[in-house]
Amino acid sequence: MALFGLSHELLVHILSYLDYEHLQLCRLLNRAMDRLIQSSIVLQYSMQLQLYGYEDNPSCPLVLADKMRLLREQETAWSRLDFEKETTIRIPFNPSSIYDLTDGILLLGESVSGIQSGADTVRWTRLSQLIESEDLPSSQLWEKIDVGAHIIDVGLSVEEHDLIVVATDREMEDKETKFELRLLQLSTGLNHPLALKPSIPLAVIQEPPQAVASQCSVCIEIVGDLLGFLFHYPAGYTRPPAMFEVYNWKTGQCLEIRGLECPCYSTFTFLSPDVIALPNCAENTIELCRIESTSIDAPPRQLRTSCVLQLPRLGRGYTIAQVTCRSEPKMRNTTGSARAFRSPEPFHLKPADSVVIFNVMTHDSQGFHECLTLIVHTAALLQIFDAEIAGMALLHYTDIPASSFCLPSVPKVEADIIASPTPAIADLPERPPGDYPRISWAQWGPNVCRWLEASFGASRWITTTCGQRYATVEEDPIDDDLTRSTIVVYDFNPRNVHRLAARHRRRRRRLPTGFRDVDLIGPASEFQPMFYFPPFTGGDVLPGPGVAAAAGFALAAQLAPGADAGVGAGVDMGPGVAVGPGEVAPETRATISEYASLIPFTDPETRVIGQIQCEATELMAGYSPQYRIFDETVRTALPYAQLSSFNTYAYGAVLLDKSMVIGVKLNDADDIRELVVHAVKRGK
């Protein structure tokens with residue numbers, strides 16, 4: 001039976017299982033297939049979701065045409081930083097250092113007793129409610145949770161479980177301090193109904209809370225039924241001084257445990273429901289661990305490191321003081337959501353496409369601090385992890401020499417790689433402690449990562465990423481003692497970046513020679529094929545997609561009269577294409593390459609200044625070698641689009657949620673004084 005002998009509905013249903021790139025290829029098959037895909041709202045909506053990194057919310061009653069319109073309008077607004085009217089949120093209580101932002105819920109700690117660290121109670125609110133109820137007294141919009149003990153930190157799982165996990169310390173009758181976790185329902189503040197053990201004891205120290213206040217810290221994350229936490233106890237009271245534990249929070253059963261040395265480990269994040277990333281400050285690495293234990297009755301297992309990703313080699317005198325990390329939203333095994341926080345949104349960010357950020361804080365022998373941010377897709381880390389585990393199994397179960405196996409490049413970020421079957425670590429032979437594969441930075445990092453320089457104040461806040469975007473501020477000191485900041489949003493969605501780059505390159509072809517492009521980003525209605533990076537091989541040819549060379553050709557002809565301005569003359573044309581270095585004067589070749597790889601633009605309406613970077617760049621390239629943090633040249637090639645606001649603000653930092661940027665105004669003690677919400681414009 002011929003393909004087009006099938007009914008229209010059946011063909012659309014079959015094609016709906018294809019990803020974005022394969023649907024694009026199907027459009028090239030013939031005119032009938034192109035018309036079918038272009039005319040189907042189901043396929044068009046599916047392509048838009050994949051293009052922008054979202055997944056449909058089937059519980060939303062809107063029809064697909066309205067969902068697609070809202071998606072396009074929202075993403076167009078993001079690409080231009082086109083915000084609604086600012087909403088100022090004045091905090092009606094004394095906030096502490098505790099905060100969190102997830103699923104549209106903002107949580108702040110409240111300090112009543114005046115203790116410098118932690119909080120006495122926590123307050124939370126829905127950001128959408130704050131914006132819509134701007135005229136109501138702000139005190140009526142904040143819910144309060146009081147656990148009757150000093151709060152060290154909290155962890156949230158809002159949409160999935162309506163769960164807040166509160167780490168507390170409280171004084172016992174004999175002047176001892178008891179540390180425990182409380183599992184509460186966020187919407188009610190009561191013990192969570194699904195938790196058999198609403199309180200998980202951690203430790204008891206023979207000192208009153210006043211003696212150990214501010215000496216401990218905790219990092220908490222919840223994914224599915226798993227609760228992971230990294231607890232640093234007060235120095236000198238326990239051995240080891242820190243513990244990483246994984247619980248089934250519904251049963252209260254400890255599944256895996258690992259003692260840690262301080263200050264090697266400071267935080268962690270879930271990459272998937274069973275894989276965590278654990279940065280090691282002392283070793284300058286990121287450890288990837290798989291959680292294998294699921295048995296309720298078995299004793300806790302020792303959490304083992306599966307493989308180690310080496311970061312670039314540090315320069316002489318530099319050490320890593322702390323690493324914080326975050327990925328939002330989290331991948332989860334369940335599809336349901338808590339009734340109290342069921343989202344009415346027509347679509348949600350796709351967790352498998354999200355990026356993970358690592359804020360690396362370093363100091364040198366002179367006591368100076370520097371901050372860097374490493375950004376990589378969670379799917380890329382999981383593909384490296386799966387490839388390494390598959391390689392371990394291949395070497396164990398076959399006679400292939402170890403020297404013949406090498407880690408493949410990681411050119412493609414797709415959701416289906418996460419579901420690919422990999423051997424269970426428990427099925428492999430037990431390795432001696434410390435005997436795990438190490439992957440050098442040059443082998444795994446340059447093609448899938450991007451290093452960014454960060455300010456110390458802005459990197460203190462970790463809720464700065466959501467989906468494939470990352471937000472920060474660039475400080476701009478002016479007279480008096482005021483500091484103005486520019487909002488900067490990075491988009492690391494590779495499909496979106498290459499689509500925008502192709503659009504601006506086409507526009508450059510139509511511009512007169514020497515004319516600088518100052519154009520807007522129009523409605524996101526076009527589709528462009530996606531290109532991926534090949535393995536970095538060094539030399540003069542950079543990894544990455546070919547650049548549209550029309551502007552570069554004109555520049556080459558202008559700078560080097562008489563040179564052949566044919567295809568590829570003096571311009572990097574992309575993967576594996578060696579350009580003719582002898583055809584253009586050597587002193588102009590660097591200028592041409594930079595002009596071709598960095599695409600600047602300006603939006604005439606919002607006056608946002610943007611640039612698109614699709615090529616590898618060098619970290620701290622303008623620094624003298626003795627002032628560089630790393631002892632090796634660090635080039636990273638993850639493409640991005642960077643947008644900087646025209647207006648400046650008195651923000652010490654910004655936070656990022658699904659559809660808004662939140663400016664943070666700080667007091668003299670660096671605590672939150674006021675918040676300003678910049679919600680992107682969306683259709684009705």
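Now for a quick tour of the structure. No experiment lies behind these values; they were computed from the predicted model shown.

So, how was this worked out
- Residues numbered from 1 in each chain as written.
- Predicted model: local features only at pLDDT ≥ 70, side-chain atom pairs only at ≥ 80, totals over all residues.
- Heavy atoms only, no water.
- Pairing = 2+ DSSP bridges.
- Helix = DSSP H or I, 4+ residues; strand = E, 2+ residues; numbered from the N terminus.
- Buried < 20%, exposed > 50% of the residue type's maximum accessible area, 1.4 Å probe, protein only.
- Arc of directions from axis to C-beta.
- Contact = heavy atoms within 4.5 Å.
- Disulfide = S-S within 2.5 Å.
- Phe/Tyr/Trp six-rings, centres within 6.5 Å; stacked < 30°, edge-to-face > 60°.

**A closer look at the sheet that holds strand β11 (residues 217-223)**
Okay, step 1: Reading across from one edge, β11-β12-β13-β14-β18 is the order of the 5 strands in this open sheet, with mixed pairing throughout. Looking at which strands have only one partner, the edges of the open sheet turn out to be β11 and β18 (301-302).
Okay, step 2: Relative to strand β13 (residues 242-248), strand β12 (residues 226-232) runs antiparallel, the two being bridged by 7 bridges. Bridge assignment links L226 to a residue of β13, and that residue is N248.

**Focus: the side chain of R628**
Okay, step 1: In this structure, R628 sits in the loop between β31 (617-618) and β32 (635-636).
Okay, step 2: Judged by its relative accessible area of 18%, R628 is buried.

**Details of helix α1 (residues 8-15)**
Okay, step 1: Here α1 has its buried residues at L11, V12 and L15. The buried residues of α1 occupy one face: seen down the axis, they fall within an arc of 100 degrees.
Okay, step 2: In the core, the buried residues of α1 are packed alongside α2 (20-27), α3 (31-39) and α4 (41-52).

**Describing the state of the cysteines**
Okay, step 1: Applying the stated rule across the entire model yields 0 disulfides.
Okay, step 2: C325 supplies the cysteine sulfur nearest to C219, a cysteine that is in no disulfide, at a spacing of 6.7 Å.
Okay, step 3: The structure places no disulfide on C281, whose sulfur is separated from the nearest cysteine sulfur, that of C264, by 7.6 Å.

**Examining the packing of aromatic side chains**
The description of an aromatic ring pair rests on the distance of the ring centres and on the angle between the ring planes.
Okay, step 1: Summed over the entire model, instances satisfying the criterion amount to 16 aromatic pairs.
Okay, step 2: For the ring pair F268 and F270, a centre distance of 6.0 Å and an interplane angle of 70 degrees mean the geometry is edge-to-face.
Okay, step 3: Assessed through its relative accessible area of 0%, F268 is described here as buried.
Okay, step 4: Overall, F270 belongs to the buried group, its relative accessible area being 2%.
Okay, step 5: Members of the aromatic cluster, each reached through a chain of ring pairs, are W441, W444, W451 and F630.

**Some details on the environment of T617**
Okay, step 1: Among the structural elements, T617 can be located in strand β31.
Okay, step 2: On the basis of relative accessible area, T617 is assigned to the partly exposed category, the value being 26%.
Okay, step 3: A C-alpha to C-alpha distance of 8.7 Å links T617 and R450, two positions 167 residues apart in sequence.
Okay, step 4: Apart from the residues within four sequence positions on either side, T617 is in contact with R450, V634, R635 and T636.

**Regarding the pairing of strand β29 (residues 598-602)**
Okay, step 1: With respect to burial, β29 is a largely interior element, 4 of its 5 residues being buried.
Okay, step 2: Of the strand pairs in this sheet, β29 and strand β30 (residues 609-613) are connected by 5 bridges, and their pairing is antiparallel. Opposite F601, over in β30, you have G610 as the bridge partner.
Okay, step 3: The antiparallel pairing of β29 with β30 creates a hairpin that spans 6 residues between the two strands, and R607 there sits at a positive phi of about 60 degrees.

**Quick look at unusual backbone geometry**
Okay, step 1: Here the amide bond leading from E328 into P329 is cis, since omega sits at 0 degrees, within 30 degrees of zero.
Okay, step 2: Its location among the elements puts P329 in the loop between β20 (319-327) and β21 (347-349).
Okay, step 3: Within the chain, L81 stands out as a residue other than glycine whose phi angle is a positive 50 degrees.
Okay, step 4: Judged by relative accessible area, L81 falls into the buried class, the value being 5%.

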